[in-house]
Amino acid sequence: MPIDWFTVGAQLLNFIILVWLMKRFLYQPVLNAIAAREHKIAAELAAAAASQAKAQQQQQEFEQKNLGFEQQRDSLLRQATDAAKAEGERLLAEGRQAADAASAVRATALQRDSDLLHAEIVRHTQQQVLAIARRVLADLADVSLEQQLCAVFIQRLHGLDATALATLGNALKATSAADPALLRSAFDLPAQQQAAIQAALEERFGQPVALKVETAPELIGGLELSAQGQKLAWTIADYLDQLSLALSPGADGEAGA
Amino acid sequence: MRLTPDSWILWEYGLFKLNATILFTWALMLVLVVGAALITRRLATGHQRSRWQNLLEIVVTAIMGQIEDLGLENPRRYLAFLGTLFLFIASAALASVIPGYEPPTASLSTTAALALCVLIAVPLFGIAGQGLAGYLKSYLQPTPIMLPFNLIGEVSRTLALAVRLFGNMMSGAMIIGILLSITPFVFPVVMTLLGLLTGMVQAYIFTILAAVYIAAATRSSTAATTPPGPAPPAA
């Protein structure tokens with residue numbers, strides 16, 4: 001079995017060419033592709049690791065921020081709660097004050113209404129009592145009420161005790177024509193009664209008395225003598241004042257007590 | 001019956017002649033190179049790639065893995081030579097299923113040429129690996145007395161490479177030829193399958209032996225004193 005040396009040489013050359021061609025068209029491209037893929041995968045893995053690290057970092061930042069937000073929220077909530085509580089208390093106090101003020105105004109108004117009503121009742125009662133007294137006196141006596149009043153006034157003048165008499169006497173002494181003693185009457189005093197009272201005064205105090213007569217309807221009935229700050233009076237108003245006291249709610253309470 | 005495709009001469013001009021061995025070698029080269037060029041023309045570097053690219057990558061990485069397993073550092077350096085040896089011999093054996101085809105490796109000229117390639121490549125890789133002095137020194141290992149035996153060993157193993165491959169491939173073709181004339185139906189199919197297996201095994205053996213020789217030549221002198229690796233397979 002001979003060896004064909006030309007064929008050997010040709011096959012040697014063929015094989016060398018084949019080695020070069022295979023290296024050129026097979027091994028290098030395939031190995032390059034594998035290397036490129038490995039590089040790509042390594043890059044992707046690195047990118048993934050970087051992304052993961054970044055994600056973890058962001059998660060940590062997020063958690064920290066979240067914690068901060070929660071703390072801030074709690075703080076704000078606490079502040080808001082405190083503020084609301086304070087505001088509520090303030091409003092409550094204001095409401096209470098307003099209620100107290102309203103209550104006071106209402107009480108004042110009620111008191112005023114009560115006072116007005118009371119005064120009206122007193123005035124009406126006084127007029128009624130005066131009218132009744134006038135009619136009764138007129139029916140009972142044949143002298144006028146005014147005469148009777150003068151008589152009572154003179155009678156009271158005579159009934160004064162020594163101290164009061166001395167005090168009033170001193171006061172009347174100081175009177176003069178320029179500064180006379182003032183005799184106030186609820187009605188126009190007739191000259192006869194004026195003269196009777198003048199005579200009774202001069203007789204009681206033993207001295208001339210300068211007297212000025214004035215009409216004062218608010219006395220309702222009766223007479224009032226005033227000189228130098230001293231006063232002698234007998235009026236229906238005094239009785240009515242006592243009646244007024246008796247009619248007042250306080251007096252009622254006391255009476256009830 | 002032809003014992004070797006060398007004797008099937010298609011064209012001759014003086015010293016030059018075109019026989020079936022060279023023609024089938026060219027055909028194989030064409031198929032291998034064009035196929036590789038077509039597949040590698042558009043290689044994908046992403047996760048999605050074609051099944052042909054997967055096949056090529058599996059083949060290339062498997063050869064690289066084998067070279068690496070033999071202890072050769074930087075396997076990419078030897079990939080072109082050893083990988084082409086394997087692919088050429090394997091494809092020559094695989095193509096024997098085509099009717100009318102005769103494997104070029106069934107020619108002693110081809111196997112001798114391949115063995116010569118190994119004979120030349122071993123010292124080249126050895127010198128590139130450990131320098132000229134270092135490589136020549138390896139012939140004096142373990143003692144200078146062993147120099148003639150080492151030289152004889154170089155020649156004899158080259159001869160063994162060539163004859164082993166030729167004998168196996170030629171015998172496979174011969175057996176099929178003989179059986180076709182005796183039992184023309186089922187038995188030749190079985191033997192063809194056996195021939196395919198034998199061809200793949202021979203391609204593997206040839207490549208591994210070449211790699212072992214290269215590995216022995218490129219190892220440093222210190223490594224040469226260490227116990228040798230796995231014994232080369234004998235067939």
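Calculation rules
Residues numbered from 1 in each chain as written. Chains lettered and ligands numbered in written order. Predicted model: local features only at pLDDT ≥ 70, side-chain atom pairs only at ≥ 80, totals over all residues. Heavy atoms only, no water. Helix = DSSP H or I, 4+ residues; strand = E, 2+ residues; numbered from the N terminus. Buried < 20%, exposed > 50% of the residue type's maximum accessible area, 1.4 Å probe, protein only. Contact = heavy atoms within 4.5 Å. Areas by Shrake-Rupley, 256 points an atom, 1.4 Å probe, with all protein chains shown as cover. Lys, Arg positive; Asp, Glu negative; His and termini not counted. Charge placed at Lys NZ, Arg CZ, Asp CG, Glu CD. Core = buried A, V, L, I, M, F, W, Y, C linked by side-chain atoms within 4.5 Å. Expected span 1.5 Å × (residues − 1). Arc of directions from axis to C-beta. Buried area = accessible area lost by both parts, 1.4 Å probe. Salt bridge = Lys/Arg side-chain N within 4 Å of Asp/Glu carboxyl O. Polar contact = N/O pair within 3.5 Å; in protein donor to acceptor, adjacent residues only side chain to side chain. Nonpolar A, V, L, I, M, F, W, Y, C, P; charged D, E, K, R; others polar. Pairing = 2+ DSSP bridges. pLDDT = per-residue confidence, 0-100. Phe/Tyr/Trp six-rings, centres within 6.5 Å; stacked < 30°, edge-to-face > 60°. Lys NZ or Arg CZ within 6 Å of the ring centre and 35° of its normal. Axes fitted to C-alpha atoms, helices over the stretch in contact; angles between N-to-C directions.

A. Inspection of the overall build of chain B at higher detail. Across its full length, chain B carries seven helices and two strands. Along its sequence from the N terminus, chain B presents helices and strands in the succession β-β-α-α-α-α-α-α-α. Overall, chain B is about 55 × 50 × 40 Å in size when its C-alpha atoms are taken along their principal axes. Relative to its full complement of 235 residues, chain B shows a buried share of 42%. The contacts in chain B between residues at least 6 apart in sequence include a share of 67% that link residues at least 24 apart. Counting only carbon and sulfur atoms, one obtains 73% of the accessible surface of chain B, whose full area is about 12,500 Å². Of the side-chain charges in chain B, 12 are positive and 8 negative, and the distance between the mean point of each set is 5 Å.

B. View of the nonpolar core. Core analysis: the biggest nonpolar cluster contains 74 residues, and Leu26(A), Phe81(B), Leu82(B), Leu85(B) and Val118(B) have the highest contact counts within it. Listed by contribution, the elements that provide at least two residues to this core are helix H1 (5-140) of chain A together with helix H1 (20-41), helix H2 (51-69), helix H3 (76-94), helix H4 (108-137), helix H5 (147-182) and helix H6 (186-218) of chain B. Tallying contributions element by element places H3(B) first for this core, with 13 residues. Excluding anything up to four places from it in sequence, Phe81(B) contacts Phe15(A), Val19(A), Cys117(B), Val118(B), Ala121(B), Phe125(B) and Ile214(B).

C. Structural context of helix H3 (residues 162-173) of chain A. Residue and element names in this part refer to chain A. Here H3 contains 12 residues, and its C-alpha end-to-end distance of 16 Å stays within 8% of the 16 Å for a straight helix at 1.5 Å per residue. Along H3, the residues classified as buried are Leu165, Leu168, Gly169, Ala171 and Leu172. Here the buried residues of H3 occupy an arc of 160 degrees about the axis, which is enough to place them on one side. Exposed residues on H3 whose side chains face more than 90 degrees from its buried face are Ala162, Thr163 and Lys173. Those residues of H3 that are buried lie in contact with helix H2 (145-158), strand E1 (181-185), helix H4 (191-205), strand E3 (222-227) and strand E4 (230-235).

D. Expanded view of unusual backbone geometry. Following Gln141(B), the chain continues to Pro142(B) via a peptide bond in cis, the omega torsion being -15 degrees. Here Pro142(B) lies in the loop between H4 and H5.

E. Spatial organisation of the interface of chain A and chain B. Across the boundary between the two partners, chain A contributes 32 residues, which contact 48 residues of chain B. Summed over both partners, the interface of chain A with chain B buries about 3,600 Å², with 77% contributed by carbon and sulfur atoms. For the pair chain A and chain B, the interface holds two salt bridges. With a shortest N-O distance of 2.5 Å, Glu57(B) and Arg37(A) are connected by a salt bridge. At the junction of chain A and chain B, the tally comes to 11 residue pairs in polar contact (both at pLDDT 80 or more). The residue makeup of the side of chain A that touches chain B, split by class, is 22 nonpolar, five polar and five charged.

F. Spotlight on H1(B). Between its first and last C-alpha atoms H1(B) spans 31 Å; for 22 residues at 1.5 Å apiece the expected length is 32 Å, and the two agree. Residues Ala20(B), Thr21(B), Ile22(B), Phe24(B), Thr25(B), Leu28(B), Met29(B), Leu32(B), Val33(B), Ala36(B), Ile39(B) and Thr40(B) constitute the buried set of H1(B).

G. Fine view of the pairing of E4(A). Residue and element names in this part refer to chain A. Judged from the six bridges that link them, E3 and E4 form a sheet pairing that is antiparallel. Bridge pairing in E4 links glutamate 224 to alanine 233. Connecting the antiparallel pair E3 and E4 is a turn made up of two residues, with glutamine 228 showing a positive phi of about 50 degrees.

H. Structural view of the confidence of the model for chain B. Put simply, chain B has an average pLDDT of 86, and 93% of its residues get 70 or more. Low pLDDT, under 50, characterises residues 221-231 of chain B; the predicted model gives this stretch one contact beyond four residues in sequence or across chains.

I. Expanded view of the packing of aromatic side chains. For the structure on display, the rule yields nine aromatic pairs over all chains. Through a chain of ring-to-ring contacts, three or more aromatic side chains come together here, namely Phe15(A), Tyr78(B), Phe81(B), Phe88(B) and Phe125(B). Positioned over the ring face of Tyr213(B) is Arg157(B), at 4.0 Å from the centre of the ring.

J. Representation of the sheet that holds strand E2 (residues 211-215) of chain A within the structure. All names here are of chain A. Ordered in space as E2-E1-E3-E4, the four strands form an open sheet in which the pairing is mixed. The outermost strands of the open sheet, each flanked by one partner alone, are E2 and E4. The sheet shows a mean angle of 15 degrees between the axes of neighbouring strands, direction not considered. Looking at chain direction, E1 and E3 are connected through four bridges and run antiparallel. Within the sheet, the bridge partner assigned to serine 185 lies in E3 and is leucine 223. Contacts from H3 reach E1, E3 and E4 within the one sheet, and its direction differs from that of E4 by about 115 degrees.

K. Spatial organisation of the confidence of the model for chain A. Residues and elements named next belong to chain A. Of all residues in chain A, 89% attain a pLDDT of 70 or more, and the chain-wide mean is 84. At the low end of the mean pLDDT range in chain A sits helix H6 (residues 249-256), at 47; at the high end sits H1, at 91. The low-confidence segment residues 252-257 (pLDDT under 50) makes two contacts with residues lying over four places distant or belonging to another chain.

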